[in-house]
Amino acid sequence: MKVFAHLSDIHLDGGERADARATAVLDYLRALERPVEAVFVTGDLADHGLPEEYRRATELLKHPAPVLTCPGNHDVREAFREVLLGEPASVAPVNVATDVNGVLVAMCDSTIPGEGAGYLEDATLAWLDEALTAHDGPAFVAFHHPPVEVGIPLVDAIRQTGEDRLAEVLRRHPRVLALLCGHVHTGAATTFVGVPVRVAPGVVSGGLLPVEPGADRSWAEGGPIDLERPPSLLLHVLHDDGRLTTHQRVVPFSG
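We now turn to the structure provided with this report. (Residues numbered from 1 in each chain as written. Predicted model: local features only at pLDDT ≥ 70, side-chain atom pairs only at ≥ 80, totals over all residues. Heavy atoms only, no water.)

Considering all chains together, one arrives at zero disulfides under this definition. The structure places no disulfide on Cys-108, whose sulfur is separated from the nearest cysteine sulfur, that of Cys-70, by 7.6 Å. No disulfide involves Cys-181; its nearest neighbouring cysteine sulfur is the one of Cys-70, lying 8.7 Å away. When its relative accessible area of 0% is taken as the criterion, Cys-181 is described as buried. (Disulfide = S-S within 2.5 Å. Buried < 20%, exposed > 50% of the residue type's maximum accessible area, 1.4 Å probe, protein only.)

Laid out in structure tokens, this is it:
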């Protein structure tokens, strides 16, 4: 079997708190009996999109396995591309496809620069369609914003829209194992046009459902966020028979 790590929303901001939480998650991964196949980080690596935040991310996210990233709504394409990918700064979507031991991982840019909500540009969908067509094995498709509602109103208001266009691409490619997302700050599982959707919990904080205390806070009041919840991540297990099982792990943390 193959095991892939999936984390999201580390929100590095130059402060000790976010650093310590991200460090705890990477320490957990490094302590596993064998390295995972890859580490996926589905957006909001930086809190303000500053070059120094991405430089810190390159230091904290070191791992023996490939570390694959895509931007979130707090990220800035130019600095993200220049610091994390070593490419010239550009406002174009940051889309990267990587073959990891026979599994295609398509990290897509669902951001709308300057906005909280998400949308896959036509160029990104065309790129994704081409990448999936060129690969004859299983695939993960990752982006920051879920393309469906998850039951947290403030987050659902800034989810990925235009999802009918994504649905058309996915229907042509039944080998997609799952859509991997972040943005919600809580682990969640649902489906989209029959494809599993796996939302990674937030490393920096936890999201709250409407039934939980504090969930009625507005963004100005801090939002539906639990800052005390320990950092968590997902481990995706791809079995030899092609099944996918996802486990959530809470990382011991005393910060």
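Here the narrative resumes, following the displayed structure.
The subject of this paragraph is the sheet that holds strand 4 (residues 96-100). Spatial strand order, 4-5-7-9-11-10: six strands in an open sheet with mixed pairing. Looking at strand neighbours, the two that pair on one side only are strand 4 and strand 10 (188-192), the edges of this open sheet. If you compare each strand with its neighbour and ignore which way they point, the axes differ by 20° on average. Each of strand 9 (176-181), strand 10 and strand 11 (195-199) is contacted by helix 6 (residues 163-171), which is oriented at about 75° to strand 10, the strand it contacts most. (Pairing = 2+ DSSP bridges. Helix = DSSP H or I, 4+ residues; strand = E, 2+ residues; numbered from the N terminus. Axes fitted to C-alpha atoms, helices over the stretch in contact; angles between N-to-C directions. Contact = heavy atoms within 4.5 Å.)

Time to look at the environment of His-11. Note on placement: His-11 falls in the loop between strand 1 (2-7) and helix 1 (16-30). Its relative accessible area of 7% is what places His-11 among the buried residues. It is 23 Å that separates the C-alpha atoms of His-11 and Pro-213, two residues lying 202 residues apart in sequence. Once residues within four sequence positions are removed from consideration, His-11 is found in contact with Ala-18, Asp-44, Leu-45, Ala-46, Asp-47, His-74, His-185 and Val-204.

Close contact between helix 4 (residues 122-133) and helix 6 brings their axes to 10 Å; oriented N to C, the two are set at 10°. It follows from the interaxial angle that helix 4 and helix 6 lie roughly parallel. Where helix 4 abuts helix 6, its residues Asp-122, Leu-125, Leu-128, Asp-129 and Leu-132 lie against Arg-165, Leu-166 and Val-169. In terms of residue class, the contact of helix 4 with helix 6 is built from five nonpolar, no polar and three charged. (Parallel < 35°, antiparallel > 145°, perpendicular 65-115°, else oblique. Nonpolar A, V, L, I, M, F, W, Y, C, P; charged D, E, K, R; others polar.)

In this sheet, strand 15 (residues 244-250) lies alongside strand 14 (residues 232-238) in antiparallel orientation, the contact comprising seven bridges. Bridge assignment links His-236 to a residue of strand 15, and that residue is Thr-246. The turn linking strand 14 back onto strand 15 is made up of five residues, and Gly-242 within it adopts a positive phi angle of 95°.

This part is about the nonpolar core. Membership of the largest hydrophobic core comes to 30 residues, with the highest contact counts inside it found for Leu-7, Leu-29, Leu-45 and Leu-233. Elements represented by at least two residues in this core include exactly strand 1, helix 1, strand 2 (39-42), helix 2 (51-60), helix 3 (77-84) and strand 14. Discounting residues that sit within four places of it in the chain, Leu-7 has contacts with Val-25, Leu-29, Val-39, Phe-40, Val-41, Thr-42, Ala-200, Val-203 and Leu-233. One finds Leu-104, Leu-125, Ala-131 and Cys-181 within the second-largest nonpolar core, a separate group that totals 26 residues. (Core = buried A, V, L, I, M, F, W, Y, C linked by side-chain atoms within 4.5 Å.)

It is generally the case that most residues other than glycine have a negative phi and that most peptide bonds are trans. Its identity is not glycine, yet Asp-44 carries a phi of approximately 55°, on the positive side. Along the polypeptide, Asp-44 turns up in the loop between strand 2 and helix 2. Its identity is not glycine, yet Val-193 carries a phi of approximately 40°, on the positive side. Mapped onto the secondary structure, Val-193 falls in the loop between strand 10 and strand 11. Given a relative accessible area of 37%, Val-193 falls into the partly exposed group.

Counted by the stated rule, this structure contains four aromatic pairs. Both rings, one in Tyr-54 and one in Phe-80, keep their centres 5.7 Å apart while their planes meet at 75°; by these two values the pair is edge-to-face. Of this pair, Tyr-54 sits in helix 2 while Phe-80 sits in helix 3, and the two are 26 residues apart along the sequence. Judged by its relative accessible area of 0%, Phe-80 is buried. (Phe/Tyr/Trp six-rings, centres within 6.5 Å; stacked < 30°, edge-to-face > 60°.)

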